[in-house]
Amino acid sequence: MGKQAMGNIAYNQLRRMDTLLYLLVYPQRPLLTTKTIELVGYDKLGAGQNATVAVMSYSGYDIADAIVMNKSSLDRGFGRCIVMKRYSVVLQKYENDTQDRILRLDRKGYGAKHMRILDDDGMASPWEIISPQDIYINKQSPAFTRGTRVPPSELPNIRYKSSKQTFKGPEGEYCVVDRVALYNDRHNNISIKFLIRHTRRPEVGDKFSSRHGQKGVCGTIIQQEDFPFSERGICPDLIMNPHGFPSRMTVGKMIELLGGKAGVSCGRFHYGSAFGEPSGHADTVEAMSEILVNKGFSYIGKDFLYSGITGCPLQAYIFMGPIYYQKLKHMVLDKMHARADGPRVLLTRQPTEGRARNGGLRVGEMERDCLIAYGASMLIFERLMISSDPFEVQVCRICGLLGYYNHHLKTGICSSCKKRDGMSTMKLPYACKLLIQELQSMNIVPRLKLAEA
Amino acid sequence: MDGGMSYQRFPKVKIREMKDDMVKFELRETDASVANALRRVMIAEVPTVAIDLVEIEVNSSVLNDEFIAHRLGLIPLTSDRAMSMRFSRDCDACDGDGQCEFCSVEFHLRAKCLTDQTLDVTSKDLYSSDHTVVPVEFSDPNDPGEQRGIIIVKLRRGQELRLRAIARKGIGKDHAKWSPAATVTFMYEPMIRINEDLMDTLSLEEKRTWIESSPTKVFDLDPVTQQVVVVEPELYTYDDEVIKKADAMGKSGLVEIEAKEDSFIFTVESTGAIKASQLVLNAIEILKQKLDAVRLSDDTVEADDQFGELGAHLRGG
Ligand SMILES: [Zn+2]
Ligand SMILES: [Zn+2]
């Protein structure tokens, strides 16, 4: 319901062309609502699902707000979502009257296997399965876009360079071209929009939340037969750790569980506002407890459960019932990232930053402090220099300035002393060499005084 | 294994209730581990047939292809043949592409809405190549005569759905769509002993409030003798409410409730893929096969390959 939750966003959601659209496959109406929710119509466009939650500890993968999920529930569609992403391509007009063009594809030759989803018009056709590196539009741009105007008759003669658009989606996933739309933008350029759809099932690391701000990531996914069950055959969809309650004091969530349980057992949607005063619309906890008792449950909402692993009864009664859970749009698939080797920044020769640039993970000041305190000097050396920006320099022992290496003479030379001897080869971070040179450009002379190692 | 104490027991089964889609039975003189193994096998390892591969020719409905494929997968198919079918992955007739008659069943669906009336595409529109594997039929409890299919998608005028689907054998462990069990659960049989002497000290009103304190109707008053009797011990959910009530009334020990540790009451509900009774029998069969796998390898050379240290351990190594 918040802006991070997935669900139905509007009745025209499947005809829209948003840059990014998150939808839930099976949204539900909350079992426990409020009058306001009904007045606003939030229950008409579901933003989550009523999950049966057991408040208990299980497997240790539920500590620190993580939740344990039932694999069979996921198989049946719990938390399944559709991610629609839009890719736009503009056919630009240039000042010399030239224009981008789309070419019919060449189905043979180099790179043809990444062009198989292209239609005869050079654009990806709808309903095709698209994989990473696939070309979704076979566009070409003129090589010269400025200078003398090229008369339209000579257009085919000017040179074009290829500017194919490749799809950079998640590897090994099943993405589909949902729709392709052509339109004119405000500069009267032809524009093509591709909507690419990806259906995802929840995985470890995906974020979920109840409506009480109790967010957590999926810690593990466990088979249904291993899940606890009651003698009625009820088995939870997810397990939440009870430590989430005391410090956060989300009493509303407990009321929701109670009200939801009463709601499913008597077949009525209850109101769950905080105060069940006579003037209000909310159902009181007492009223809900009464329904629970009438339906053969304990009045506090706790159930007697058996362990799915051993078949023995659990040591305690478990607080279990439906809670409306939302899937939030933060998913590991969009965030996971690892790098062994990769691109570096030109200026500093250090690894790039961020997932989009396939960057490295920074060993920051605090991490460095830990390693210093521990005394792991070789590790610091490796992280800060060898795995980052090692650089070999020639240092003059006489003047302390940096020299250069002469490949003909196969020796280092000091450019200020103009001498060959007295040169030492050493390794230092490229960033350090850069600092020395920047300081020199400001008329500060940093000199290196070398000692025998 | 040599010598040692034998733990062999001879469990007894008593069927209480048996319908096509539900059985209730007692399992006695055995351990929780056996009862639970049976339950787990019923949920996760009894094979059925379910749609596993969908080729969509035309889909102009409002639901996207994956959506429909997922819904098709979850439709229960009659799977009496599943136990003797092959898994596609170890089928040698089709080299594992899973499209031969030994390991798969083909379905076709063609639906187009030509009127202004919304067309419901249901599991009844799925045409099977094999009459033994068809979508499960179920009827409205209020109108048992009419058979209704499981709805797949709704079409408006002009929309069309045309597809080919391959159903394969599988188990619930791989995907819940292959699980034949809707509900499999058991409970320990409760032993309820009322302390009659203490109960006689209660007034009629007190007896009533005490009976009321149980959320389920376990106890009742005998209309003739006005004595508290246990009417339905199995309704007791081990909620301790009556014990707490007795304590609160100052009559501790009014009732003693104990779970019989070797008696289980099973409730098995099937999705309709196989009969509930067959589900239990198949589960026992699979459990036996699993045990045989361990026992056979006991003295074979392959045991070490297959079971590693476990095999050696079984031979007393
Ligand atoms: Zn020098
Ligand atoms: Zn085969």
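- With an unreviewed UniProt entry as reference, chain B is termed DNA-directed RNA polymerase RpoA/D/Rpb3-type domain-containing protein, source organism Quercus rubra.
- If you open the UniProt record of chain B and go to Sequence similarities (unreviewed entry), you find "Belongs to the archaeal Rpo3/eukaryotic RPB3 RNA polymerase subunit family."

- Going by an unreviewed UniProt entry, chain A carries the name DNA-directed RNA polymerase and comes from Quercus rubra.
- Here is the UniProt Sequence similarities (unreviewed entry) comment for chain A, exactly as written: "Belongs to the RNA polymerase beta chain family."
- You can read under Function (unreviewed entry) in the UniProt record for chain A the words "Essential for the completion of the three rounds of mitosis in female megaspores required for the development of mature gametophytes."

1. A word on the packing of aromatic side chains
Step number 1: Evaluated as defined, the whole model comprises 20 aromatic pairs over all chains.
Step number 2: Look at Phe304 of chain A and Tyr306 of chain A: their rings are 5.3 Å apart centre to centre, the planes differ by 85°, and that puts the pair in the edge-to-face class.
Step number 3: Each member of the aromatic cluster is reached from another via a ring pair, and the members are Phe229, Phe304, Tyr306 and Tyr317 of chain A together with Phe25, Phe186, Tyr188, Tyr236, Tyr238, Phe264 and Phe266 of chain B.
Step number 4: Geometry around Tyr160 of chain A places Arg101 of chain A over its ring, the cationic atom sitting 3.7 Å from the centre.
Step number 5: The positively charged end of Lys193 of chain A is found above the aromatic ring belonging to Tyr183 of chain A, 4.3 Å away from the centroid.

2. With respect to unusual backbone geometry
Step number 1: Even without glycine at this site, Asn358 of chain A takes up a positive phi of about 55°.
Step number 2: Structurally, Asn358 of chain A is set in the loop between α5 (332-335) and α6 (365-374).
Step number 3: Although it is not a glycine, Glu29 of chain B sits at a positive phi angle of roughly 55°.
Step number 4: Counting through the fold element by element, Glu29 of chain B comes out in the loop between β2 (22-28) and α1 (32-44).

3. Some details on the interface of chain B and chain A
Step number 1: The partner chain A presents 40 residues to the 33 residues of chain B that form the contact.
Step number 2: If you look at where chain B meets chain A, you find two salt bridges.
Step number 3: Among the salt bridges present, the one from Arg197 of chain A reaches Glu66 of chain B, with a minimum N-O distance of 2.2 Å.
Step number 4: Residue assignment for the side of chain B that touches chain A shows that the elements contributing at least two residues are α1, α2 (65-73) and β11 (181-194) of chain B.
Step number 5: Looking at the side of chain B that touches chain A, the element that brings in the most residues is α1 of chain B, giving seven residues.
Step number 6: A class-by-class count of the residues in the side of chain B that touches chain A yields 12 nonpolar, 11 polar and 10 charged.

4. Comments concerning empty space enclosed by the protein
Step number 1: Following the criterion strictly, the structure yields two cavities of 30 Å³ or more and no others.
Step number 2: Estimated volume of the largest cavity: approximately 80 Å³.
Step number 3: For the largest cavity, the full set of lining residues is Gln224, Glu225, Phe229, Gly233 and Cys235 of chain A together with Arg39, Ile43, Ala181, Ala182, Thr183, Val184 and Thr185 of chain B.
Step number 4: Elements with a minimum of two residues in the lining of the largest cavity: α1 and β11 of chain B.
Step number 5: Its residues assigned to classes, the lining of the largest cavity shows six nonpolar, four polar and two charged.
Step number 6: As a volume, the second largest cavity reaches approximately 30 Å³.
Step number 7: As for the second largest cavity, its lining consists of Leu24, Gln49, Phe78, Gly79, Phe208, Tyr325, Gln326 and Lys327 of chain A.
Step number 8: Sort the elements by how many residues they give to the lining of the second largest cavity and strand β21 (residues 318-327) of chain A lands first, with three residues.
Step number 9: Taken together, the residues that form the lining of the second largest cavity break down as four nonpolar, three polar and one charged.

5. Describing the pairing of strand β10 (residues 160-170) of chain B
Residue and element names in this part refer to chain B.
Step number 1: Burial within β10 is extensive, with 10 of its 11 residues counted as buried.
Step number 2: One ladder, built from 10 bridges, connects strand β3 (residues 48-59) with β10; its direction is antiparallel. Within β10, the position partnered with Thr48 by the bridge is Gly170.
Step number 3: Sheet topology places strand β4 (residues 104-112) next to β10; nine bridges connect them, and they run antiparallel. Residue pairing in the sheet places Ser104 in a bridge with Arg168 of β10.

Cut-offs applied
- Residues numbered from 1 in each chain as written.
- Chains lettered and ligands numbered in written order.
- Predicted model: local features only at pLDDT ≥ 70, side-chain atom pairs only at ≥ 80, totals over all residues.
- Heavy atoms only, no water.
- UniProt positions renumbered as here; feature names shortened; annotations may be inferred.
- Phe/Tyr/Trp six-rings, centres within 6.5 Å; stacked < 30°, edge-to-face > 60°.
- Lys NZ or Arg CZ within 6 Å of the ring centre and 35° of its normal.
- Helix = DSSP H or I, 4+ residues; strand = E, 2+ residues; numbered from the N terminus.
- Contact = heavy atoms within 4.5 Å.
- Salt bridge = Lys/Arg side-chain N within 4 Å of Asp/Glu carboxyl O.
- Nonpolar A, V, L, I, M, F, W, Y, C, P; charged D, E, K, R; others polar.
- 1 Å grid on protein atoms, 1.4 Å probe; cavity = no way out; pocket = protein on both sides within 12 Å on 5 of 7 lines; lining within 4 Å.
- Points joined across faces, edges and corners; volume = space filled by probe spheres on them.
- Buried < 20%, exposed > 50% of the residue type's maximum accessible area, 1.4 Å probe, protein only.
- Pairing = 2+ DSSP bridges.

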